[in-house]
Amino acid sequence: MSITKGLRLPVLVAPMFLVSGVEMVVAAARAGVLGAFPTPNCRTAAELDRWMAEVAARVEGRPWAVNVITHSSNPRLADDLALIAKYRPPVLITALGSPAAAVATAHGYGGMVMADVPNVALARKALAAGADGLACLAAGAGGHTGSLSPFAFVSAVRRFHRGPLSIGGGIGDGAGIAAALAAGADMACMGTHFIACDESLAGSDYKQAVVAAGLEDIVLSDRVTGTMASWLRASLAAAGYLADDGSTPNRNYEAGAAAGRWRDIWSAGQGVGAIRHTAPLETIIDELEAEYREVVLRLPKMM
Ligand SMILES: Cc1cc2nc3c(=O)[nH]c(=O)nc-3n(C[C@H](O)[C@H](O)[C@H](O)COP(=O)(O)O)c2cc1C
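Residues numbered from 1 in each chain as written. Predicted model: local features only at pLDDT ≥ 70, side-chain atom pairs only at ≥ 80, totals over all residues. Heavy atoms only, no water.

Per an unreviewed UniProt entry, the protein chain is named Nitronate monooxygenase, and its organism is Sphingomonas rustica. In its Sequence similarities (unreviewed entry) section, UniProt records this for the protein chain: "Belongs to the nitronate monooxygenase family. NMO class I subfamily." (UniProt positions renumbered as here; feature names shortened; annotations may be inferred.)

Turning our eyes to something else, we now look at the site of the ligand. Neighbouring residues of the ligand: 21 residues in total, closest P15, F17, G170, G191 and T192. Take G142: an N or O atom from its main chain is 3.0 Å from an oxygen atom of the ligand. T192 places a polar side-chain atom, nitrogen or oxygen, 2.6 Å from an oxygen atom of the ligand. Protein contact buries 94% of the 600 Å² of open area that the ligand shows by itself. Classifying every residue of the shell around the ligand by side-chain character gives 12 nonpolar, nine polar and no charged. (Near = heavy atom within 4 Å. Polar contact = N/O pair within 3.5 Å; in protein donor to acceptor, adjacent residues only side chain to side chain. Areas by Shrake-Rupley, 256 points an atom, 1.4 Å probe, with all protein chains shown as cover. Nonpolar A, V, L, I, M, F, W, Y, C, P; charged D, E, K, R; others polar.)

The next subject is the sheet that holds strand β8 (residues 165-168). Two pairing modes exist for strands in a sheet, parallel and antiparallel, and in both the strands are linked by backbone hydrogen bonds. If you trace the eight strands once around the closed barrel, you get β1-β2-β3-β4-β5-β6-β8-β9, paired in parallel fashion. Going from strand to strand, the sheet's axes swing by 25 degrees on average, the running direction of each strand aside. Note: strand β5 (residues 112-117) against strand β6 (residues 133-137), four bridges, orientation parallel. Bridged to A115 within β6 is L134. Helix α6 (residues 150-158) rests against β5, β6 and β8 of the sheet, and its axis sits at about 165 degrees to β8. Most of the contacts of helix α7 (residues 174-183) go to strand β9 (residues 187-190), to which it runs at about 135 degrees, and overall it touches β1 (11-13), β8 and β9. (Pairing = 2+ DSSP bridges. Helix = DSSP H or I, 4+ residues; strand = E, 2+ residues; numbered from the N terminus. Axes fitted to C-alpha atoms, helices over the stretch in contact; angles between N-to-C directions. Contact = heavy atoms within 4.5 Å.)

As structure tokens, then:
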């Protein structure tokens, strides 16, 4: 089972809340990488039905992926899985909960499940629940981040898992893609790097902010969603979240409630400094491929 079959570059254009939509997934497929959108980006199941019908028609048989939140706070999980069974995305990425229900659906039509996991214990649990592969989330990621070194994480997981594996967190250039593969992953998972692409649903002020930002502008906080996530400092400060009021943050992944916060408080990972411009997704893939080739050709000379 190969997650990179048919791809020009081993890159997962990661699913991003309020950022990834139909255009991004179609552009990723056409550019020869794997794109995904999270189902909560559709407000209703009817909207998700339209999005998936459009993507399925426009990718013309190329690989694409959908991301489902399998946490118990997702009231639409059953509806989303029914639509997934209807449109059969080749890859299903699960997040924030057990992949078991998604596994039953995906395996029913020959799809592959990649479980998004931030640590080794959850990686083992996801595989025990039937996931085919792991989308390992390391330190420095945009959105809800992991905290492990990508090198230590991939090395630990490769001791018990030979199947599909992506690693994400702070990868911002072709050298990072090569490093992910050198570490033992099959592909690099990159979200932040695509926030400013033309096909992204992010507003122009958010896009400009990520183009202008550097590593020093990223802060970690669990105060927005109850789970540690990476944010652009200025937007977090403007929303009043940088002042520690001593309260315990509540976990809240519910899409409706989250939408307001994620719209005003902008998330980005530590690779933000590598974003040079707003550009079509395909141009960004061209740039990444050139950087990746340069590194891969340089490495043998070191032997
Ligand atoms: C703005 C934003 C929103 C995100 N939303 C989601 C999401 O809805 N579901 C999910 O599984 N991951 C989400 N992520 C995490 C990405 O899928 C991916 O794991 C991460 O972006 C990789 O790290 P990087 O941003 O440093 O490249 C989000 C990331 C960002 C930057």
